[in-house]
Structure formats: structure tokens, C-alpha cells
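# Breakdown of the fold
Here's the letter readout for the chains.
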Amino acid sequence: MVGVGHSALYRWVKNRDELVDLLSEIVVERILLRANAGDLEWRAWLTRLAWTMHVRP
């Protein structure tokens, strides 16, 4: 436990929408780009994406 309330987060972001936007950018940069489809068949790509999301960098 960090010992701060959830309202402390809003010192860094304006609102929930901005927080979701920032999280979306992280997902795209750190997860989706690593699981680039390339020449993979869609099932293989989804499997790779799932493993990429599961395994921490």
C-alpha cells in the first residue's frame, strides 16, 4: 500500500478520459507494437499478443 488516496492521481491527469488515453498509449506502445502481426496468420497473431500481454517486459 502506498498510503495515498485515489484522488492523488488527479494531480497528474485532468480526468478519467485523460487517464484512459494515457493508458491506451502505453498499451499500444508496449504491447501491440511488440506483437506486430507481420506475416502471421490471425490465430498465431492473437496467441502472440496474449503472451506479450501476459509476460512482463
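Please refer to the structure higher up on the page.
Just so you know, these numbers come straight off a predicted model, no measurement behind them. (Residues numbered from 1 in each chain as written. Predicted model: local features only at pLDDT ≥ 70, side-chain atom pairs only at ≥ 80, totals over all residues. Heavy atoms only, no water.)

## Some details on the overall build of the protein
Within the protein, the secondary structure is distributed over two helices and zero strands. Counting only residues that meet the buried cut, the protein has 9% of its 57 residues in that class. Roughly 5,400 Å² of accessible area belongs to the protein as shown, and the carbon and sulfur atoms make up 59% of that amount. (Helix = DSSP H or I, 4+ residues; strand = E, 2+ residues; numbered from the N terminus. Buried < 20%, exposed > 50% of the residue type's maximum accessible area, 1.4 Å probe, protein only. Areas by Shrake-Rupley, 256 points an atom, 1.4 Å probe, with all protein chains shown as cover.)

## Here's the deal with the pattern of salt bridges
Applying the stated rule across the entire model yields one salt bridge. The salt bridge involving Glu 41 is made with Arg 43; its shortest N-O contact spans 3.9 Å. By relative accessible area, which is 41% here, Glu 41 ends up partly exposed. Looking at Arg 43, the relative accessible area reads 53%, which means it is exposed. (Salt bridge = Lys/Arg side-chain N within 4 Å of Asp/Glu carboxyl O.)

## A short note on the environment of Glu 18
Assignment of secondary structure puts Glu 18 in helix H1 (residues 16–32). By relative accessible area, Glu 18 is classed as partly exposed at 27%. Setting aside its immediate chain neighbours within four residues, Glu 18 contacts Trp 12 and Val 13. (Contact = heavy atoms within 4.5 Å.)

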